[in-house]
Structures are given as C-alpha cells and as structure tokens.
Amino acid sequence: MARAISGLAYPDRFYAAAAYAGFDGSPNPSNQDIASRFSNDVALILYALYQQATVGPCNVPKPSLWNPVELGKWRSWQQLGNMVSTEAMRLFVKILEEEEPGWFSQASNSGLEPVTDVQMNHNSNVEPIIENGNSFAETMTIAAENGGLVETQDKDVVSEGLGSVVIYDQWISPPITGQRPKGRYEHAATVIEDKMYIHGGNHNGRYLSDLHVLDLRSCTWSKVEDKIGSKSVEPPSTVNITPCAGHSLIPWENKLLSIAGHTKDPSETIRVKTFDLQTGTWSMLKTYGKAPVARGGQSVTLAGTTLVIFGGQDANQTLLNDLHILDLETLTWDEIDAVGVPPSPRSGHAAAIHAERYLLIFGGGSHATCFNDLHVLDLQTMEWSRPAQQGEIPVPRAGHAGVTVGENWFIVGGGDNKSGALETVVLNMSTLAWSVVTSVEGRVPLASEGLSLVVGSLNGEDILISFGGYNGRYNSEVNVLKPSHKSTLQPKIMEGPVPDSVSTIHYATNPTRDLESEFEAGREGKVREIAMDNFESMKSKGEGTSEHILAMLKAEKEELESSFRNEQFLSVQLKQELADAEARNTDIYKELQSVRGQLASEQSRCFKLEVDVAELRQKVQTMETLQRELELLQRQKTASEQAALNSKQRQGSGGGVWGWLAGSSPEDDDEAENLI
C-alpha cells in the first residue's frame, strides 16, 4: 500500500472503508458478514450509501413484498433520493468511523487496499478532505486551560479552513486570519454563500454599526466598507447607519435585512434597513400598515416570504409578547391576535420555524427571572400551545442563540442571573425531545449571553459557527461544531413509527388528526421491524424452502392484519369517545351560559334591592328628623299650655277677693268673660 489509510483522499478513502466493512465491490455484496458486525439499521444505511456512491440514485424496480430483506434494502436506498455520490461517500465513512473508531489501524494491519474497479456514474475528480478516523491520536487536539474548547494543532487538519474540522459534536476554536472584529454581544449574524456576516452589537456599553464578513472557506475576516446610497429595494430612502444592538439580521435574495434593535435615539416604530451585497449600500425599506413599536431582544424568523416578529423590550424597558408579521412581497405589516395562551412577555429568547408551519419559542427572560418553557404557534390556525417537553430539558436561560439543521434545533449559550449555560443542547422538533450535544467548562464565550449562532455548509456537511458574546468580557472568538449523523442524518434517511409516549407538535395542535394514517404507518414500520429481525436468521440458515418462508410470511401477515383490525376498532372507539366528550363539553357550555344568565339576573335584582334599601334609609332618616321636630313642638305646646294655665289661675284668684269686696260672685265673672 502506497500510503497510510489515514492520509487517503476521496474516493480511495471510501473504497478502503467499504472493503473493510465487507463491501467487496460486486453488484450484490455479501450481507452475512455485514449483518454479523453491524446492527440492522446501520447495515441498511451502509448498504444504501454504498449503492448511492457506486451506482447512483435508486432506479431499480421495487422488490416483491414476499422478499422483506430486499424490500428493506430497496427502501433504504430509495430514501436517499438524488444525494450526490461524494456526499454518500463521506456519510458512509462517517458512520463507519462512529461505529468502529479503530477501523483505520485494523485495516492497515490487515493490509486491505481500496477497491477501485467499480464503475462510477460521476466525476472521479473528487475534492480531497480529511475525515474523522482515529482523530484523537492524529490531529493533536488539546483542551484549553480555561474550559472545554479544543484547538486544532495539525496543519493538515486546518489547511482547508472550517471544512476540514474532523471532530464531531465538539466545539473547536480554529485559527482565523484577517482583521478580527472587536468583541461584542447582542449583535446579529447570518450566512450567505459560505460567508458569515456580523453586524452591530454592544461593546463597553456603546452601540456599534460596523459590518464584517468571515469567509468560511479561507477562515479570513474582512471589514465591509459600507456606504449610504439610493439604489435599493423599492422604494429607497437615504438612511444613516445608526448603531444598534439586540437587532436581527435576515438574508433575503441578495440582501441583508436589519430589523429592529436598541439605539441611542430610538424611533417610535420598528425600522427595516437593507444592505445590498452587490452595490455595498445601505437603504431604508419603506413598509406599509401599522408597524410594531420599536424594540430590541425580539425574535425575527423567516417563514416562507414573511417575517414573524415576537416579543422583545421597548425603549421604556417594557417587556412585550405581541406578535407581528411582515410580508416581504407586499412590505405590509400585520398584527396577529392569536388564540390560546401566548408566552409571557420576554426578551432574549430563541425562535425557530419547523415544517414551514410551526413557530417555536424557547426560553428568554423577564426583569426578575429566566425561562425554559417551550411554546408553539401554528401559523395556519394562529393558535398558541404549550406542549410537553421530553428528554433532558435545558436549564432556564436568556440571551442564548439557536439554529436549525433539518428537524433539529441547536441551542447554545445564554444563562441566568448567576451563571452562563454550559451545555449545547438540541431539540428534535418532531418529537420535542431534548438531548445534550456537548458541554464546556469555565468562563468561555460559548457560555455567555448575546452570542450569535449560524449554520454553514462546506463539503456537503453542516457546521455550526458561533461568534462573540459577553461573560464578564466582550468576546470576539469564533468556534465551530460539526454535528454527528446521530442528530442530523438518521432522521433524514431512516423512518419508523414515533413512540406513543412522545408528544409531537402535531399532537399538541391538532388532537383530532386522522388516526388511521398513523396505524398504517405503524403497520408498515412493524412489517419492516419483523423483516429486519429475520435478516440475520434468514441469511445464516442459507437457502430455506420457499414453502417454509411463504408459510411464515402468511402467518405474520395474518397476525398483522388482526392487529390492524384491533387498531381500527380502537380508533373507532376513540373517535366515539371524542364525539361524546365534545357533546358533553357542549352541554356543559350551555349550562354555563345559563348559569351566567341567571347570575346576571340576580346581580341586576340585587342592584335594584340595594337602590330600594338606600331610598328607605333616606326616608327613615327623614322620618327621624320629623319625629324630633314633632317632639320639640309638643314640648313647646305643653310649655305654652302650662304657662297659660298658670296665668289663668293667677287671674282667677285676684278677681275673687275684689269681687267679694265689691259684692260680685265668681259666677258673674265667668259670665262676663264669656260675653267678652
């Protein structure tokens, strides 16, 4: 062998791996050795990738259902679609290295040489790259003193930039050349055509307005000398490049859209600025409709041709949880009044779009606390839900960054009021299951707030790239992570029924989905599972009688049909129970409305009684006043009568003496008084 296998370039490296795995280059390689060394799923993946790399996309007829082994192999190959052969080669080597990390040395000791006599249907001039084999011994990786970062030291590894990073699920700090931007946080970043753009941010309490670009192939920084111009999207307007932080940067066509953000002199509403990558000019995008109030720390997510803006904090430090949409075709704002319970007001959260339909909101913070809740908005029904999370739920955090790779949502950095978040986590957006990818130690940029995270694609592989952040100091480091196939490849090329215990977004938002389609998928998955269980046994026994195989398959078919009928019956029962529950809910709602009506009537009657009682109290007070006046008059009357009686008595006694002297009697006096 001319050189060590670890130094082989493609396609020789792939052929060496294929020979080691048992693929001898024949059109139908022997499956017995492969099945004995790998699990069924891995064997199917390796077979499909080998066929894709050497033959091309699957165009052979579908095997008969009576041959489950060949049917399973055909389906695995078919699911790869139009994947290019070079990518299939790299994935084949990657999976083999993760299953058997020591295959390099074993292949070298056994003297295996790559098989090159296979007819290829692609260009043989494949760009050489170095893959992850016995990487920990050959790439001379060391741990940083202040944390869990790894710096690559081998020139052969870093000579091709970020595309040659060989360690999976581990953050790497690659060598970067050029004029590095100053440290910052709350900046915005995005990737267009293998270039990462960094704009704005906060440094030492001052807002920035500079624009930098990192070439992901050459790992070189350069500053974009922007200028103000009038040539922009219709209709243009001259704009000063106002320093800002907490904004969002969205790629759209051949432009960068800078949305919202905190500024020294805030405007009343959100402004959208555009940077034309061809002319190098900034301009203000004129929008229509009622624009949202100006803010920073919001999330801006691109869904098709619309931008979905949620939350943030305005210039008065008021936390928001409103929802707005900007149509990039009509440039019209629309405020959305979604149903359901929205997330609480927050900023510094992360958002992602799944299946072009669901908006996911995770984490964020208020003035007093940080969150680790997950909320989902159905963009078709505009309904909020809060589904149950599975797996290792991340600690509460704010100021983190997130990016999606397929159906996986990677979350990096952030923290609470005490410390930064050390774990890099990933959420499978279909099953809502969390898992930890890796973890760092100490006060490193990856455990800081306000960092950025983007995804780039080099040499057919996805790479996560982080920049900046604040953890007591303003960082300007670039770190990269290459996700392994366990989190990115398997959901793409392997199919299987989702466990019943796993709550998916579809369950949370549409509980009345068609159950029969699920049972069909489960039935197909079970057929494949039974076929794979019989993979090794059928091959190891050699040639069995066709009658025996036919009888076994018929028995399995009858068992599956019986199970399917039971599932259908259960489906009917569940639908009936759901209908009964809806009917009960309708009756309860009617009763509730009736009780509400009665309560309203009682409240009205009580109000009237309160009015009557108030009037009676007023009358009682009036009667008491009249009673006191009557008593006073009666006392005055009694006093007057008593005075009159006393006066009469005095007059009566005086008249009697003089009358007697004058010879008159009291009767005469009375008669005289009556006459008067």
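Note that this is a predicted model, so its numbers are computed, not measured.

S.K.: How should the overall build of the protein chain be read in this particular structure?
M.R.: When helices and strands are tallied, the protein chain shows 15 helices and 28 strands. Out of the 676 residues in the protein chain, the part that is buried amounts to 44%. Here the analysis covers contacts within the protein chain between residues at least 6 apart in sequence; of these, 60% occur between residues at least 24 apart. Accessible surface computed for the protein chain: about 35,300 Å², of which carbon and sulfur atoms make up 50%.

S.K.: Sorry, what's going on with the sheet that holds strand S18 (residues 358-362) here?
M.R.: Through backbone hydrogen bonds, the strands of a sheet pair up, either in parallel or in antiparallel fashion. Read from one edge of the open sheet, four strands run S17-S18-S19-S20, paired in antiparallel fashion. Looking at strand neighbours, the two that pair on one side only are strand S17 (350-354) and strand S20 (383-385), the edges of this open sheet. On average, each strand axis in the sheet is tilted by 20 degrees relative to the strand beside it, whichever way the strands run. Note: S17 against S18, five bridges, orientation antiparallel. The residue bridging His354 from the neighbouring strand is Tyr358, located in S18.

S.K.: Explain the packing of aromatic side chains here, please?
M.R.: We describe a pair of aromatic rings using the distance from one ring centre to the other and the angle between the two ring planes. Applying the stated criterion across every chain yields a total of 11 aromatic pairs. Judged by centre distance (5.4 Å) and plane angle (55 degrees), the ring pair of Phe14 and Tyr15 falls under tilted. For the ring pair Phe362 and Trp434, a centre distance of 4.9 Å and an interplane angle of 50 degrees mean the geometry is tilted. A residue pair is termed long-range when its members are at least 10 positions apart, and Phe362 in strand S18 and Trp434 in strand S25 (residues 433-439) qualify at 72 residues. Neither Phe362 nor Trp434 differs from the other in exposure class; each is buried. Put simply, the rings of Phe14, Tyr15, Tyr50 and Phe92 touch in pairs and so form one group of aromatic residues.

S.K.: Can you walk me through the side chain of His187 in this structure?
M.R.: The topology assignment puts His187 in the loop between strand S3 (177-178) and strand S4 (188-191). Judged by relative accessible area, which is 7%, His187 ranks as buried. Within the structure, His187 has its side chain in polar contact with the side chain of Ser452 (distance 2.9 Å). A polar atom in the side chain of His187 sits 3.2 Å from the backbone oxygen of Phe467.

S.K.: What's the story with the confidence of the model for the protein chain in this structure? I'm lost.
M.R.: Per-residue pLDDT for the protein chain has a mean of 78; in total, 73% of the residues score no lower than 70. Confidence over residues 26-31 falls short of pLDDT 50; this stretch has nine contacts with residues more than four positions distant or in other chains.

S.K.: I would appreciate a short explanation of the pairing of strand S14 (residues 306-313) in the present structure.
M.R.: Looking down a regular strand, the side chains alternate between one sheet face and the other. The buried fraction of S14 amounts to eight of the eight residues, a majority that puts the element mostly inside the structure. Here five bridges tie strand S13 (residues 299-303) to S14, and the two strands are oriented antiparallel to one another. Of the residues in S14, the one forming a bridge with Val300 is Ile309. Joining the antiparallel neighbours S13 and S14 is a turn of two residues, in which Gly304 adopts a positive phi near 70 degrees. Relative to strand S15 (residues 319-327), S14 is paired through seven bridges, and the arrangement is antiparallel. If you follow Phe310 over to S15, its bridge partner there is Leu323. Here S14 folds back onto S15 in antiparallel fashion, the turn holding five residues, of which Gln317 has a positive phi close to 60 degrees.

S.K.: Can you walk me through helix H4 (residues 68-78) in this structure?
M.R.: Note that an α-helix has 3.6 residues per turn; residues three or four places apart therefore point the same way. Where burial is concerned, most of H4 is hidden: nine out of the 11 residues are buried. What H4 keeps buried is the set Pro68, Val69, Leu71, Gly72, Lys73, Trp74, Arg75, Ser76 and Trp77.

S.K.: I tried to follow helix H1 (residues 12-21) on my own but got confused; where do I start?
M.R.: Counting buried positions along H1 gives eight out of 10 residues, so the element sits mostly inside the fold. For H1, every residue scored as buried is listed here: Arg13, Phe14, Tyr15, Ala16, Ala17, Ala18, Tyr20 and Ala21. Phi turns positive, to about 110 degrees, at Gly22, one or two residues after H1.

S.K.: Honestly, the sheet that holds S15 in this entry has me stumped. Any pointers?
M.R.: If you trace the four strands from one edge of the open sheet to the other, you get S13-S14-S15-S16, paired in antiparallel fashion. Edge positions in the sheet fall to S13 and strand S16 (332-336), since each of these pairs with one other strand and no more. Across the sheet, the axes of successive neighbouring strands diverge by a mean angle of 25 degrees, strand direction being ignored. Judged from the five bridges that link them, S15 and S16 form a sheet pairing that is antiparallel. Paired with His324 across the two strands is Glu335, which belongs to S16.

About the thresholds
- Residues numbered from 1 in each chain as written.
- Predicted model: local features only at pLDDT ≥ 70, side-chain atom pairs only at ≥ 80, totals over all residues.
- Heavy atoms only, no water.
- Helix = DSSP H or I, 4+ residues; strand = E, 2+ residues; numbered from the N terminus.
- Buried < 20%, exposed > 50% of the residue type's maximum accessible area, 1.4 Å probe, protein only.
- Contact = heavy atoms within 4.5 Å.
- Areas by Shrake-Rupley, 256 points an atom, 1.4 Å probe, with all protein chains shown as cover.
- Pairing = 2+ DSSP bridges.
- Axes fitted to C-alpha atoms, helices over the stretch in contact; angles between N-to-C directions.
- Phe/Tyr/Trp six-rings, centres within 6.5 Å; stacked < 30°, edge-to-face > 60°.
- Polar contact = N/O pair within 3.5 Å; in protein donor to acceptor, adjacent residues only side chain to side chain.
- pLDDT = per-residue confidence, 0-100.

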